[in-house]
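# Working through the structure, step by step
Letter by letter, the chains look like this.
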Amino acid sequence: MSAAYTFLLAAALLALLPPSSSSGSQCDCPQNCICNNSKSVICSNLKTFPKLCNGTQFVTIRNSAISTLNENDNLPISVRHLIVQRSQTKSIDEGFFPKGSELTLLSLDNNDIAKADWFKNIPHLANLDLGANHLSKLEVPSIIHLTDLKLNGNKIPHLDVSSALCKMDRSRLCNLHLDGMDLTAFPQGIIGCSDKTKKALQVTFLSLSKNKIKVIPRMTSLKVKKLYFSSNRIKDIPDGTFPQSLTLLIVANNPLGYKGLTVVARLTNLKHLDLSGINYKYFPLDMFHSLTKLEFLSLMKCNITKIQAPMLKNLADLKSLNLQSNHLKYIPVDVWSPLKNIENVFLDHNEISHILQTDEMEIFLFHLKKLGISNNPFSCTCTIVWFSKWMRSLYRTTEILSTQKMNCTSPAHYKGYPLAEFILPNCDKEKSDLEITLATVAIIVLVAFIVGIMVCCCRQGSHESQSKSTILNRGGRYYEAI
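As a convention, each chain's residues are numbered from 1 in the sequence order in which they are written. pLDDT decides what is reported in this predicted model: residues at 70 or higher carry local features, side-chain atom pairs at 80 or more are listed and counted, and totals for whole chains, interfaces and linings draw on all residues regardless. No hydrogens and no water enter the side-chain calculation; it runs on all heavy atoms of the structure.

What follows is about the overall build of the chain. The secondary structure listing takes helices from DSSP runs of H or I that are at least 4 residues long and strands from runs of E that are at least 2 residues long, numbered from the N terminus. When helices and strands are tallied, the chain shows seven helices and 22 strands. For the exposure calls, accessible area comes from a 1.4 Å probe over protein chains only, and a residue counts as buried if that area is under 20% of its type's maximum, exposed if over 50%, partly exposed in between. Counting across all 482 residues of the chain, residues that qualify as buried make up 40%. Whether two residues are in contact is decided by their heavy atoms: any pair within 4.5 Å suffices. Look at the contacts in the chain between residues 6 or more apart in sequence, and 44% of them connect residues 24 or more apart.

Written out as structure tokens, the structure is:
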């Protein structure tokens, strides 16, 4: 009984405690925010920085109007990831980040920030995204050990980029994004610095797309695996420019010449290659022979009129082939058999009018996971009925084929008609009639051939008889014995 009495007494005492004693330490979720156990906060449409609870670790703010991040915002020390995107932020006070901050990721992209000199209290920062701001200079102190840096969309001169990179801890930076910065030259700070003790960056991912770079320096000292260099002004690539460690190379939309293509063709470890927009109608037949590890190949917008079988014969590992926006007039049949692992083929925006039914074509379609063939001038005749039937058998239940913008363009009375619904009931009869006609023609040709041989044999026999005739001379007269 004593145990039961003690339990009842304890329950009565708990009931007498005031409610404030249990709820006074609670922290409310800020307005216009979604909170998850006070550790994760996601907000939008704010005009001031939200009041965060101690212990908050992940903060995301988007589409707001917070012009300044200042010390009075009381950012908790516990915050590890802070994302403030598209929020019209112009400035950040150094005191915004508390001493002892545990911040490791800071994303401030798509704002109006013009100055970045507030890194003092965030020594653990590893991932920094300042893309699409108004920076003209960057000062990152050596105490910052970044692994990921994004500066894309800012207008920082290449010399200042090099200077900033040379002041950083060069042994830890792995991913560097410098896209769309109007760089006129390759930042030498990526490869080396005036201080010879500082070696090349250890980046494995490097993106320099959408700049104005004309020359690529020798990069063999880098260990980069993924290189994005599209939409620059590269005309030539000297031998030995790229490291053999490359597995991904994007050099699309550059005025690249034949010599540059031959250099690319020797990067035997490539798995992903994008040559889109390189106006080179006839790629060398052996262009891809050494790229046996290739899994993705894009030749979009290259003005290609024909794909020949020898071009792709060594690409057994190829999974995706993009031939969009060229001038192909038909789907090549003889190129698919070497591509044992092909899954995705994109032939949209070409000049394909007919799709012939062959065993090779049916096998090719059977193994595909995705086929893009929209925006082509299909001629809706009996030669394409089988393909229309194939489309109807799968497009409603799978994602292999998108039928949007797949319409007949000829004959005139079928123009605009959906290809997937195209049916010609007399095609089988026409096919059988055609077969009978062809068989009849074949018999006539055969008979004519045999008759021709017999006539030739008769003539040959006549000539031989004449050659063996004897000429008899009697009394000055010549008698021909036939």
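On to the state of the cysteines. Any pair of cysteine sulfurs within 2.5 Å is marked as a disulfide. Under the definition given, this model contains six disulfides. Between the sulfur of Cys27 and that of Cys53 lies a disulfide, 1.8 Å long from S to S. Between Cys27 and Cys53, the S-S dihedral sits near -90 degrees, and the bridge is therefore left-handed. Placement of the pair is Cys27 in the loop between helix 2 (20-23) and strand 1 (33-36) and Cys53 in the loop between strand 2 (40-44) and strand 3 (58-62), with a sequence separation of 26 residues. Each bonded cysteine in the chain gets a number by its place in the sequence, and the pairs come out as 1-6, 2-4, 3-5, 7-8, 9-11, 10-12.

Before going further, it helps to examine the pairing of strand 1. Along any regular strand the residues' side chains alternate between the sheet's two faces. Pairing between two strands requires that DSSP report at least two bridges joining them. Of the strand pairs in this sheet, strand 1 and strand 2 are connected by four bridges, and their pairing is antiparallel. Looking at strand 2, one finds that Cys35 is bridged to Val41. What sits between the antiparallel neighbours strand 1 and strand 2 is a turn of three residues, in which Asn37 has the positive phi angle 55 degrees.

Here we take up the nonpolar core. General note: in soluble globular proteins, nonpolar side chains tend to be found buried as a group. Joining through side-chain atoms within 4.5 Å is the link that ties buried Ala, Val, Leu, Ile, Met, Phe, Trp, Tyr and Cys residues into a set, and such a set is a nonpolar core. Membership of the largest hydrophobic core comes to 126 residues, with the highest contact counts inside it found for Phe288 and Phe387. Among the elements of the structure, strand 2, strand 3, strand 5 (81-85), helix 3 (158-167), helix 4 (258-264), helix 5 (359-367) and helix 6 (385-394) are those that each provide at least two residues to this core. Take this core: its biggest share by element is six residues, from helix 6.

Among all positions of helix 5, only Met361, Phe364 and Leu365 are buried. The buried residues of helix 5 occupy an angular sector of 95 degrees when projected down its axis, which confines them to one face. Turned more than 90 degrees from where helix 5 packs its buried face, Asp359, Ile363 and Phe366 sit exposed. Where the residues of helix 5 are buried, they touch strand 17 (344-346), strand 18 (370-372) and helix 6. It is the directions from the helix axis to the C-beta atoms that the arc portrays.

A few words on helix 3. Among the residues of helix 3, those classed as buried are Val161, Ser162, Ala164, Leu165 and Cys166. For helix 3, the elements touching its buried residues are strand 9 (148-150) and strand 10 (175-177).

The rule for a salt bridge is simple: a side-chain nitrogen of Lys or Arg has to be within 4 Å of a carboxyl oxygen of Asp or Glu. Summed over all chains, the structure comprises five salt bridges. Asp182 is the partner of Lys155 in a salt bridge, and the nearest nitrogen-oxygen pair spans 3.3 Å. In this pair, Lys155 is assigned in the loop between strand 9 and helix 3 and Asp182 in the loop between strand 10 and strand 11 (205-207), connecting sequence segments 27 residues apart. On the accessibility criterion, Lys155 (46% relative accessible area) is partly exposed. Looking at Asp182, the relative accessible area reads 37%, which means it is partly exposed. Across the pair Glu343 and Lys369 runs a salt bridge whose closest N-O atoms are separated by 3.7 Å.

The residue Glu343 is located in the loop between strand 16 (320-322) and strand 17 in this model. On the basis of relative accessible area, Glu343 is assigned to the partly exposed category, the value being 24%. For the pair Glu343 and Leu368, spaced 25 residues apart in sequence, the C-alpha to C-alpha distance is 4.5 Å. Among residues more than four places away in sequence, those in contact with Glu343 are Lys319, His367, Leu368, Lys369 and Lys370.

A few words now on the packing of aromatic side chains. Two rings from Phe, Tyr or Trp (for Trp, the six-membered ring) form a pair when their centres are within 6.5 Å of each other. A pair whose planes differ by under 30 degrees is stacked, one over 60 is edge-to-face, and the rest are tilted. Going through the model one piece at a time under the given rule, you end up with 12 aromatic pairs. Ring centres of Phe49 and Phe96 lie 5.3 Å apart, and the angle between their planes is 85 degrees; this geometry places the pair in the edge-to-face category. With Phe49 in the loop between strand 2 and strand 3 and Phe96 in the loop between strand 6 (91-92) and strand 7 (105-107), this pair connects stretches of sequence that are 47 residues apart. Phe96 sits in the buried class, given a relative accessible area of 1%. Taken together through their ring pairs, the aromatic side chains of Phe49, Phe96, Phe97, Trp118 and Phe119 make up a single cluster.

This brings us to the pairing of strand 3. The sheet contact formed by strand 2 and strand 3 spans five bridges and is parallel. From the neighbouring strand, Val41 faces strand 3, where its bridge partner is Val59. Bridge count for strand 3 against strand 5 is five bridges, and the pairing is parallel. Across the sheet, residue Val59 finds its bridge partner in strand 5, namely Leu82.

This part takes up a nonpolar patch on the surface. Residues Leu446, Phe449, Ile450, Ile453 and Met454 make up a contiguous nonpolar surface patch of about 510 Å² in total accessible area. Considering the arrangement of structural elements, one finds Met454 in helix 7 (residues 427-467). Grouping into patches uses exposed residues only, defined as over 30% relative accessible area, and leaves out salt-bridged ones; the cut-off is 9 Å for like charges and 5 Å for nonpolar side chains (Val, Leu, Ile, Met, Phe, Trp, Tyr). Using a 1.4 Å probe, accessible areas were evaluated by the Shrake-Rupley method; residue-level cover was limited to the displayed protein chains.

Note on charges: Lys and Arg go in the positive column, Asp and Glu in the negative column, and His and the chain ends are not counted at all. Where a charge sits is defined by one atom per residue type, namely NZ (Lys), CZ (Arg), CG (Asp) or CD (Glu). Judged by side-chain charge, Lys212, Lys214, Arg233 and Lys235 come together as a positively charged surface patch. Turning to its location among the elements, Arg233 is positioned in the loop between strand 12 (226-228) and strand 13 (248-250). On the basis of relative accessible area, Arg233 is assigned to the partly exposed category, the value being 42%.

Now for the confidence of the model for the chain. Interpretation of this model should avoid reading the predicted coordinates in detail wherever pLDDT is low. Scored between 0 and 100, pLDDT is the confidence that the predictor attaches to each residue. Summarising the model, the chain shows a mean pLDDT of 85, and 85% of its residues fall at 70 or more. Within the model, the stretch residues 1-24 combines pLDDT values under 50 with zero contacts to residues more than four positions away or in other chains. Low pLDDT (under 50) marks residues 467-482, which in the prediction has 12 contacts with non-local residues, meaning those over four places away or in another chain.

Turning our eyes to something else, we now look at unusual backbone geometry. In this structure, Pro411 follows Ser410 across a cis peptide bond, with omega equal to -5 degrees. In the Ramachandran plot, Asn110 falls in the positive-phi region, its phi being about 60 degrees despite a non-glycine side chain. The topology assignment puts Asn110 in the loop between strand 7 and strand 8 (127-129). The phi torsion at Ser325 lies on the positive side, around 55 degrees, for a residue other than glycine. Here Ser325 is to be found in the loop between strand 16 and strand 17.

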